[in-house]
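# Observations on the model geometry
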Amino acid sequence: MKRSQKLFQHAQLVIPGGVNSPVRAFRAVGGTPLFLRRGKGAWVWDADGNRYIDYVGSWGPLIAGHAHPDVLKAVEEAASRGLSFGAPTESEVEIAALLCKLVPSMEQVRLVSSGTEATMSAIRLARGHTGRSKILKFEGCYHGHADSLLVKAGSGALTLGQPSSAGVPAEIAAQTIVVDYNDIGAVERAFQEDGKNIAAVIVEPVAGNMNLVTPRAGFLEAMRKLCTKHGTLLIFDEVMTGFRVALGGAQALFGISPDLTTLGKVIGGGMPMGAFGGCRAIMQCIAPLGPVYQAGTLSGNPIAVAAGLATLKLVQAAGFYERLTATALDLCERLTAAARQHRVAFSAQNVGGMFGMYFRATPPSTYAEVMQCDRATFSHFFHAMLADGVYFAPSAFEACFLSAAHGAPEVEKTIRAAKRFFATLNAPHST
Ligand code: KE4
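Read on for a plain summary of the structure. (Residues numbered from 1 in each chain as written. Predicted model: local features only at pLDDT ≥ 70, side-chain atom pairs only at ≥ 80, totals over all residues. Heavy atoms only, no water.)

### Thoughts on the overall build of the protein
Looking only at helices and strands, one finds 15 helices and 14 strands in the protein. Expressed along its principal axes, the backbone C-alpha trace of the protein runs to roughly 70 × 55 × 45 Å. The 431 residues of the protein split such that 57% are buried. Residue pairs at least 24 apart in sequence account for 71% of intrachain contacts in the protein once pairs closer than 6 positions are excluded. Across the protein, the mean location of the 39 positive side-chain charges is 4 Å away from that of the 33 negative side-chain charges. (Helix = DSSP H or I, 4+ residues; strand = E, 2+ residues; numbered from the N terminus. Buried < 20%, exposed > 50% of the residue type's maximum accessible area, 1.4 Å probe, protein only. Contact = heavy atoms within 4.5 Å. Lys, Arg positive; Asp, Glu negative; His and termini not counted. Charge placed at Lys NZ, Arg CZ, Asp CG, Glu CD.)

This is how it looks when you write it as structure tokens:
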């Protein structure tokens, strides 16, 4: 028996579902989740010593590649001085100043330990600042697992077919208005009905939790105008897109300034880190200055900050995002061409260093279109590629991620494996 299978058997005795985050369980694609043991650059090795090109990258954080020497050196140096103090440290000021410089819509930022903490805190801040209770989110968008946001969520909630979680009181869910992504008319109607009660709109400026769905032209701009008109705070949840689609995130790509931004993943370089920030007038509402309470034992943890600072230094290198985007585009174009060669209904697209693949002739632009994708074929594709040494996200509802360490050899190997799979789909049946 493979070591991953043995480990999974044991894990299921002591951890619910054998995993510490549902999407890792391979429930959407079937089979036994890989237990990974090592990563280096674009590659990971499982508990049986098999190696794979990694297009998950810990769901986005490993944009510099696994075990980057600069990141490891920074972590080792910080760790040698102690792991945590529960007191302010110089490096927290350094990373806060850097985040505000790179994301100019933020005049101040508060560090936390996960994307969920960042969005949960941003929602509470928006409610405290506006005195309003309602929030508006989009079906298929995932903003972590805080109660108010687990309503028609994406990612693992969508993968498991439980978009609205048990355990969220109806009274809390009732404060969350959910409309279709890319449907600005629905947003306008929600504001007409309830605008004065909406504290915040929270949106993934590029959706990455119902697979990758890009905003239609004018969608984000219209939302910005509506929020300004109604005194509602616009929250860009850039936990995934921040430092992933561009140096300044999606807000830099689209030239739109949200009122609050949430960050995570890349800013921790693989260590637990999240952040939320905005203009000073709003951030002053946060304790200890203001009435909106928010706290965390390991917030701004020196080791996580060291990994984040080292990663943020690497992504500021000249041409970093141009190269990352070019590799992602090349991969998507060649996957699409290979599928077309074998008459397979498949499409792929990227935004910066994140990409989506769909067993559908064209990329979806709405949740309904995402649900039309052929999930069964995706599962076959996933396992065929895994057997060929390529590790994609184990769900048709997740985006995939490239690192700076992915290059021509990885793309070539991926395309060869994909061609082998596509060839099996419409192969003439041998009689
Ligand atoms: P975390 O609490 O998992 O650090 O961040 C929550 C979150 C918030 N906002 C966005 C846009 C996110 O994508 C996420 C988390 N993303 C998923 C991947 N789709 C994390 C993977 C997982 O849940 O294991």
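### With respect to the pattern of salt bridges
Close approach of charged atoms lets side chains of opposite charge pair. A complete count under the given rule lists eight salt bridges for this structure. Put simply, Asp259 and Arg224 hold a salt bridge, and the shortest N to O gap is 2.9 Å. Separated by 35 residues along the polypeptide, Asp259 in the loop between α9 (250-254) and β9 (260-264) and Arg224 in helix α8 (residues 219-230) bring together distant segments of the chain. Of the two residues examined, Asp259 and Arg224, each falls in the buried class. Ionic contacts of the salt-bridge type, sharing partners, join the residues Asp330, Arg334 and Glu412 into one network. (Salt bridge = Lys/Arg side-chain N within 4 Å of Asp/Glu carboxyl O.)

### Topic: the layout of surface pockets
Reported here for the second largest pocket is a volume of approximately 520 Å³. Looking at the second largest pocket, it is lined by 27 residues, and the ones nearest its centre are Glu92, Val109, Arg110, Leu111 and Ser299. Elements supplying a minimum of two residues to the lining of the second largest pocket: α3 (90-102) and β4 (108-112). A class-by-class count of the residues in the lining of the second largest pocket yields 15 nonpolar, ten polar and two charged. (1 Å grid on protein atoms, 1.4 Å probe; cavity = no way out; pocket = protein on both sides within 12 Å on 5 of 7 lines; lining within 4 Å. Points joined across faces, edges and corners; volume = space filled by probe spheres on them. Nonpolar A, V, L, I, M, F, W, Y, C, P; charged D, E, K, R; others polar.)

### What to know about unusual backbone geometry
Cis geometry marks the peptide bond from Ala287 to Pro288; its omega dihedral reads 10°. Mapped onto the elements, Pro288 comes out in the loop between α10 (280-283) and α11 (302-315). A positive phi angle is found at Ser155, which is not glycine, with a value near 55°. Tracing the sequence through the fold places Ser155 in helix α5 (residues 155-159). At Phe243, a residue that is not glycine, the phi angle is positive and equals roughly 60°. For Phe243, the position within the fold is in the loop between β8 (233-237) and α9.

### Let's talk about helix α2 (residues 69-79)
Considered for burial, the residues of α2 that qualify are Val71, Ala74, Val75 and Ala78. Down the axis, α2 shows its buried residues gathered within 95° of arc, on one side only. Set apart from the buried face of α2 by more than 90 degrees, the exposed residues are Lys73 and Glu76. Those residues of α2 that are buried are in contact with α11. (Arc of directions from axis to C-beta.)

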